[in-house]
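Understanding the architecture of this molecule
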Amino acid sequence: MLRGEELKSWTRMNATMTETWWRSQKQSLKFSTRWVRMRHQRQQYRVRLPKDKKGKAKSKVYENASFSSKKMSAQIGRTWPSILDLDRQTSTTSMGETEMTSLAVWTCWKKATLGALMEALSKANLRSTVDDLKKEYPDIHSPADDFPLAQCQNSLKSYFKTRLSYLHPLAWNEGFTMKIEDIFTTVDLVTQTQRGGNIERQALPSTVDALTARPDCPQPRRILIQGNAGIGKTTEVSKLAFDWAEGRSPILEKYDLVFPIALRKVGESQSLTECIFDQLLPEDVPFKESDLETYLKGNDRVLIILDGFDEWAGHEGHDVTKLLTGKILRDCCLLVTTRPSHAPQLQSLMCPDTRVEITGFSQDNIRTYVHKFFKGDEAKCKALVSKMDSSLIPTGVLATPILLLLTCMMWNEKQDLVLGGRICPLYDELISFIIRRHCARNNIASDQGIPEALLCAEALAFNGLLKKSLVFNQEDIAKYCGEDSLQELVSLGILHRQESPSRLNPSDQFSFSHKTMQEYFAGLYFAKKLQDETDQNPLLNTYLRTAQNVRDLENVVIFACAKLGSKAGLILAHLVKIYQEEVEHLSDPFSDWLPHRHIEDDLYSKCRATGNEEKVLSRSELDFFCYQAYLEIALLCFYESSCFSQFENIFLTKGVIQFSNVGPRVYNAFAHALNKIPPQSLRNLKSLWLVNTTQCLVNPVIDYLKMMNLSELNLRSACLGGHDPNTAPCARLSQQLLYLTTLRKLVLSFNHLVCSDLLVLLPSLKTLVNLEELYLSGNEFAGCGKNISELPCFLRSLKVLKVYDCQLSLEDVLQTVAAMVQYCPKMKVFNYSANRIGPGGDKKVEDALKCLEL
């Protein structure tokens, strides 16, 4: 047994090895916790890092092993040789049994301690230090090094290359596949960055770029991707995993492993590693779930993707919840996709450092997709693109990839397909297409049980939306569908069957293939119900009693109006009634408020998607939101039904129309409505606001300006610039301004206008002799001082001129000031701030303006 001095020597020996290393690394090594628990094989270690009075870790590390010094000395025997002597032994021939045992014990202890220490360093994100230790001690390794990484990588890559190389875009037809490389087309992506109370949006080239460093986030590790149903979230995830497997992205090379997990397949009691084994790995991999779990801990070279948060029935205490909240695997990079409806909940759980929105296909990418789909059949491709350009593409309907795919499939079968700008006829054609394919595939007649099944789908869809249900169990289905009708709907692909993730209630669950598909069938049901009733008012007052009810069922109402057509007057009159009682008064404060403030960036469209406007908007913003959302729905009801008899009772009663942050579908409907309104009614329109668009959508509307008797035209942030000035919006606007002789206020700020655009607009601007306010701020007019200075000579009634942030030089500004002083005695406001006037420039401008009472 060890004597007193020998026991002290053993205790000092415990710290000798780690103390030497710690002293050399103490400047670079920091731990956030005082204790670090470490595991090596079957031995447990608890390393204590003592702290001095200032709270900093001291230079020594003390090891309290699961076997104490006394237990070890008992195993060794009566004597304990010097640790230095043992460590310097080069041969064991002269050593006795006790000395050999001592050396063996020391060697195991040394390896265990270093291995455990290296594991702890990995968890502390000190990978470079671990790599240095491995070079110095090549025979030492941490438990994670035992993991067969290469075999795991090969298994994943093989799975991704075979299973993810083909897309299964139709939930109802697993047999229909498309090779991802042949059809994949980039969707538009936008990053969202919080800046104080505002959200900045910037275009993103690809999903992979969300994983790269940004000035505000040098190491993105928690990425939230949101997008509407069918917008391409799962396809983006599949392409990312496929590119990693193929080694096509330098950005993805920093990840040793990528795990895309479909949350709708996650079981209620499954652990995270069980999900990975269940969904992604073959049964014969040479490692166990526990091995993978050990490898993932503290590993920052792993990307975990959770696809479809909105499809997961969250469970408190589940590994997925722990992963989202950062309670496990904090070092792994996490990417999660969801629909907008679940984005607020997901954001509160995961606190993302990066947020990305998938906005769908741009107009150019729609054409690209069509060309890829019809590769080898140029005639069909050109015919469809031509038809789309004249009707569908401007509406924005085909920005959703699933609808574009179905349109291509229908066109491939039937080239005389009628494609207009309305969405309801597109769904009519789609259902006919699905039925034809189903009947041909099964060699049956279209009247064999299908009409009855469709009626069941309508009742199920409508009553489900009233209860806000998108997923149905067997009990829900049984209320509206018999077993034969249910099987027919599943075979058609109208209903999608999926196993319940609950092991306690393992019955099947059902959902419509797309939420808009459910809304379409619900609209058919509502339209038929209205037609069947002799007195429709009780029905309307039951389901559409308030403006909020209309918003909750907006697509149902729009589809119902489309199906009723000229008979939709009763719904439209009811919408007018609600407008007059609840909505009209909300516009009263806008005349003073809206010119100075509007709902920031994409907040309007986001609130429209999520329905959480009351949580994020101020009182005045909420009024504007409710007012415009209602007008948007009403406009689409008029448009889809082609019934405009009640249009003036909503849109022209106050002589003001305003839309902010709305999409192409609304602008297309608005232009169509203007074409249907009698010219004398349009003369009652005095103020028109079409502001804050992400692309140039106002072109169709501009052509109708000459029919209006406007005193105010606001086209702020309408993307008028950046086009061919001779053929694009500026040229069209210039032609129309010639007719607006009563115009008093014109806003063209923040339109990316350049000097060539200004030159196109200048002749018509000079004709607006009654103009009192002109806003040109936020454009790129460097060197345009002479052109701007020509305006005051013609616009002698000007009271307000704003040209701030236009990249004007001091000379440019002074030229404009000189013309104002000479020709505009009524001038009250001249804003030239944020231009390039240099030091002392303000003083010179102020001196030049002394003649005016500003």
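Residues numbered from 1 in each chain as written. Predicted model: local features only at pLDDT ≥ 70, side-chain atom pairs only at ≥ 80, totals over all residues. Heavy atoms only, no water.

Notes on the overall build of the protein chain
- Scanning the protein chain for helices and strands turns up 38 helices and 22 strands.
- Burial statistics for the protein chain: of 854 residues in total, 52% are counted as buried.
- Looking at the protein chain alone, contacts between residues at least 24 apart form 73% of all its contacts between residues at least 6 apart.
- Counting only carbon and sulfur atoms, one obtains 48% of the accessible surface of the protein chain, whose full area is about 39200 Å². (Helix = DSSP H or I, 4+ residues; strand = E, 2+ residues; numbered from the N terminus. Buried < 20%, exposed > 50% of the residue type's maximum accessible area, 1.4 Å probe, protein only. Contact = heavy atoms within 4.5 Å. Areas by Shrake-Rupley, 256 points an atom, 1.4 Å probe, with all protein chains shown as cover.)

A look at the environment of F750
- Position of F750 relative to the elements: it lies in the loop between β19 (745-747) and α34 (755-765).
- Each C-alpha atom of the pair F750 and Y775 lies 9.4 Å from the other, and the pair is 25 residues apart in sequence.
- Those residues in contact with F750 that sit more than four places away from it in its chain are R716, S717, A718, S777, G778, N779 and Y804.

Points about the pairing of strand β17 (residues 687-691)
- Most of β17 is tucked away: five of the five residues are buried.
- Bridge count between strand β16 (residues 656-660) and β17: five bridges; the pairing is parallel. Pairing of V656 across the sheet is with S687, part of β17.
- For β17 and strand β18 (residues 712-714), the ladder comprises three bridges, and the chain directions are parallel. What sits directly across from W689, in β18, is N714. (Pairing = 2+ DSSP bridges.)

Here's the deal with the nonpolar core
- Formed by 181 residues in total, the largest nonpolar core has its most connected members in F521 and L713.
- Among the elements that line this core, the one with the most residues is helix α28 (residues 619-641), at 13 residues.
- Sequence-distant contacts of L713, that is, excluding residues within four places in its chain, are made with L688, L705, L733, L737, L740, L743, K745, L746 and V747. (Core = buried A, V, L, I, M, F, W, Y, C linked by side-chain atoms within 4.5 Å.)

Here's the deal with the packing of aromatic side chains
- The final tally for this structure, using the stated rule, is 26 aromatic pairs.
- Relative to F521, the ring of F512 lies with its centre 6.1 Å away and its plane at 35°, an arrangement referred to as tilted.
- Residue F512 is classed as buried on the basis of its relative accessible area, which comes to 6%.
- Taking the centre distance of 5.8 Å and the plane angle of 65° together, the rings of F659 and F670 count as edge-to-face. Residue F659 is found in strand β16, and its partner F670 is found in helix α30 (residues 664-676); the two are separated by 11 residues along the sequence. Across the pair, exposure class does not vary: F659 and F670 are buried alike.
- Taken together, the aromatic side chains of Y427, F472, F512, Y520, F521 and F559 make up a single cluster linked through ring pairs.
- For the cation-ring pair, K157 lies above W244, with the distance from its terminal atom to the ring centre recorded as 5.2 Å.
- Between the NZ or CZ atom of R422 and the centre of the ring of Y639, over which it lies, the distance is 4.6 Å. (Phe/Tyr/Trp six-rings, centres within 6.5 Å; stacked < 30°, edge-to-face > 60°. Lys NZ or Arg CZ within 6 Å of the ring centre and 35° of its normal.)

Comments concerning helix α20 (residues 515-532)
- With 18 residues, α20 should reach 26 Å at 1.5 Å per residue; the first-to-last C-alpha distance of 26 Å fits that figure.
- Considered for burial, the residues of α20 that qualify are T516, M517, Q518, E519, Y520, F521, A522, G523, L524, F526, A527 and L530. (Expected span 1.5 Å × (residues − 1).)

Here we look at the state of the cysteines
- Within this structure, the stated rule accounts for one disulfide.
- Not engaged in a disulfide, the cysteine C333 finds its nearest cysteine sulfur in C332; these two sulfurs lie 8.8 Å apart.
- Given a relative accessible area of 1%, C333 falls into the buried group. (Disulfide = S-S within 2.5 Å.)

Section: the pattern of salt bridges
- Summed over all chains, the structure comprises 16 salt bridges.
- A salt bridge links E458 to K528; the nearest nitrogen and oxygen atoms lie 3.1 Å apart. Placement of E458 in helix α17 (residues 450-466) and of K528 in helix α20 is noted, with a sequence separation of 70 residues between them.
- Residue classification places E458 among the buried positions, given a relative accessible area of 5%. (Salt bridge = Lys/Arg side-chain N within 4 Å of Asp/Glu carboxyl O.)

Topic: the environment of A718
- Checked against the element boundaries, A718 lands in the loop between β18 and α33 (729-737).
- The sequence separation of A718 and L690 amounts to 28 residues, and the corresponding C-alpha distance is 7.1 Å.
- Contacts of A718, omitting those with residues within four sequence positions, involve L690, T693, Q695, C696, V698, F750 and N751.

Things to note about unusual backbone geometry
- In this structure, K468 takes a positive phi of about 60° despite not being glycine.
- Looking at the secondary structure, you find K468 in the loop between α17 and β13 (472-473).
- On the accessibility criterion, K468 (64% relative accessible area) is exposed.
- A positive phi angle is found at S642, which is not glycine, with a value near 60°.
- Summarising the element assignment, S642 is placed in the loop between α28 and α29 (648-651).

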